[in-house]
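# Report on the structure
These are the residues of each chain, in order.
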Amino acid sequence: MSSSETDEPQECPLCRDDAPIELPAYETWLQCDLCEEWYHGICVGISASECECIDKYHCRKCAETHGPSSYKGPALRRSGRGHAEVDYNKLNEGQPATFNQYLLRLESGEFAEDEFEHLSDGSTVTADWIRSRDTNDPFIVDSATGLGMEMPDPSVTVKDVAAAIGKDTAVSVMDVLTQDELSGWTMGTWADYFHSTNRRRVLNVISMEVSDTDFGAKIRRPRVVDELDLVEKYWPEAKRKPNKFPRVKTYCLMSVQNAYTDFHVDFSATWVYYHVLSGEKVFYLVPPTPSNMRKYEAWSKSPEQAVTFFAETVKHCFEVRLVAGHTLFIPAGWIHAVFTPVDTIVIGGNFMTMQSLNAHIGTYKLEARTKVPVRYRFPFFIKLCRYMTELLAKRWAKLTARDKAKWTLDELEGAFVLGSFLESKLIGDDCDPDIAKAVGDKASLRKYAHNLLELVGVELASRMVPAEWLNR
């Protein structure tokens, strides 16, 4: 029977033994116009929308002698079959689902080689060094020496982490196959799974914030992060109360072999520090150019996001491999995916910087446009903007010309965008109730925003002609 003549899920010649052919991603088929063999679109790396553009499809074997497929015509290569619904409750109970559709793309993809700066140690990584860099590229520190950070012993296990945090502590677990969160897990059950020799599914923990735990007490993030972090610099000490303060500074990421996190931008384009305690990681990094960000937004909104490999839509995607002891710094806005070749434990965290504030605010707006759930955004972002605006307006009114000259152009632009952003949010008395609650006294904050714009605007005008400002 032909692959296109049955409503039952079928394998194609390229399917792996454990391919989850019941998933919607496997309902798109293509038939080679030469040998007439049928293939799943996902197995040959072609999305449903791309199928719409194919005139004549040539499988890899036939393409060797007859040339590649042609994409001029409107021919549709898709079976009309239905697909079986996935019972995720059965998946939660342990039904086999270990296949990772992204492995095919990672194994066959052509990625740009790591061309980023590698430092032998962290002795030169200071706030001034980062502020004066002429690039926004990631960098890797091969040895933690000089970074001024303290980390748990590399021999620490997930069971050790569970004992320190509390075995009954709830933890968010990601199903790598579906990229969805699973509920009902505790650190105790996660440790049992991680140390099991019979993992029927590939799961991942990437959002366990530990700064207020006994385990977190043993960790000190890189000194430069504390020096740059806007939360540390501008959030009032007296108002750092539990559940009313951004807790994003220290995460313990625990990933089993073949775990994968699809392409994303960290919330509000925060910077990331990422120290591999044990194991290995492979990063796939895409520069945050305007073109790439437009493509990323379109991909994020696409109904075919699950079957479209984002790296194939951009010109450059860099592959960076990390081993135990390496620390990676990812600047604001970089789009990235992460693969885990072996069981791995990582300590990392997020932070905002003044030089990247323009990107932080821009990504906050992007998250709103793409309807990213609030729980996946930077916590208390508007409130942080409020505290920053107040303090910056007060401090700038007292700065000397020499002090103002120390600010980089990126930092000045960030402060100006901050004032503009808050001022736009406060126009009129009908602003969003949640924003109104976060900003408090609107009249007072509107005054601070206005003063900040005037003060920073004068300094900007003294450094650049209007055309330069508009072009940036």
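Residues numbered from 1 in each chain as written. Predicted model: local features only at pLDDT ≥ 70, side-chain atom pairs only at ≥ 80, totals over all residues. Heavy atoms only, no water.

## Considering the overall build of the protein
A count of helices and strands for the protein gives 17 helices and 15 strands. Within the protein, buried positions represent 49% of all 472 residues. Across the protein, contacts joining residues at least 24 apart in sequence account for 77% of those joining residues at least 6 apart. (Helix = DSSP H or I, 4+ residues; strand = E, 2+ residues; numbered from the N terminus. Buried < 20%, exposed > 50% of the residue type's maximum accessible area, 1.4 Å probe, protein only. Contact = heavy atoms within 4.5 Å.)

## With respect to the confidence of the model for the protein
Low pLDDT marks regions whose predicted coordinates should not be analysed in detail. Across the protein, the average pLDDT comes to 84, with 84% of residues at 70 or higher. Residue range residues 1–7 is modelled with pLDDT below 50. Its contacts to residues more than four positions away, or to other chains, number 10 contacts. Across residues 73–100, where pLDDT falls below 50, the model places 75 contacts with residues more than four positions away in sequence or in other chains. (pLDDT = per-residue confidence, 0-100.)

## Some details on the pattern of salt bridges
Side chains that differ in charge, positive against negative, can pair when their charged atoms come close. Within the structure shown, the criterion is met by 19 salt bridges. In this structure, the salt-bridge partner of Arg221 is Glu232, at a minimum N-O distance of 3.9 Å. Of this pair, Arg221 sits in the loop between strand 7 (203–205) and helix 8 (223–228) while Glu232 sits in helix 9 (residues 230–234), placing them 11 residues apart in sequence. Residue class for Arg221 comes out buried when judged on its relative accessible area of 3%. Residue class for Glu232 comes out partly exposed when judged on its relative accessible area of 27%. The partner of Glu319 in a salt bridge is Arg321, and the shortest N-O contact between them spans 3.7 Å. (Salt bridge = Lys/Arg side-chain N within 4 Å of Asp/Glu carboxyl O.)

## Comments concerning the packing of aromatic side chains
A full pass over the atoms with the stated rule returns 27 aromatic pairs. Measuring from centroid to centroid gives 5.9 Å for Tyr296 and Trp299, while their planes differ by 35 degrees, and the two rings are tilted. Of this pair, Tyr296 and Trp299 both sit in helix 10 (residues 290–301), three residues apart, roughly one helical turn. Across the pair, exposure class does not vary: Tyr296 and Trp299 are buried alike. (Phe/Tyr/Trp six-rings, centres within 6.5 Å; stacked < 30°, edge-to-face > 60°.)

## Thoughts on the sheet that holds strand 9 (residues 260–264)
Spatially, the four strands line up as an open sheet ordered 9-14-11-12, and their pairing is antiparallel. Either end of the sheet is taken by a strand with one partner, and the two such strands are strand 9 and strand 12 (318–323). Each strand of the sheet is rotated relative to its neighbour by a mean of 15 degrees, with strand direction disregarded. Pairing geometry for strand 11 (residues 280–286) and strand 14 (residues 335–339), over five bridges, is antiparallel. Looking across to strand 14, one finds that Val282 is bridged to Phe339. Along the sheet face, helix 10 touches strand 9, strand 11 and strand 14 and points at about 120 degrees away from the line of strand 9. (Pairing = 2+ DSSP bridges. Axes fitted to C-alpha atoms, helices over the stretch in contact; angles between N-to-C directions.)

## Details of the layout of surface pockets
Taken as a whole, the second largest pocket holds about 1000 Å³ of empty space. Along the wall of the second largest pocket there are 33 residues; nearest its centre are Asn136, Pro288, Ala332, Asn358 and Ala359. Residue assignment for the lining of the second largest pocket shows that the elements contributing at least two residues are helix 5 (127–132), helix 10, helix 11 (357–369) and helix 14 (409–425). Take the lining of the second largest pocket: its biggest share by element is six residues, from helix 11. In the lining of the second largest pocket, the residues fall into 12 nonpolar, 10 polar and 11 charged. (1 Å grid on protein atoms, 1.4 Å probe; cavity = no way out; pocket = protein on both sides within 12 Å on 5 of 7 lines; lining within 4 Å. Points joined across faces, edges and corners; volume = space filled by probe spheres on them. Nonpolar A, V, L, I, M, F, W, Y, C, P; charged D, E, K, R; others polar.)

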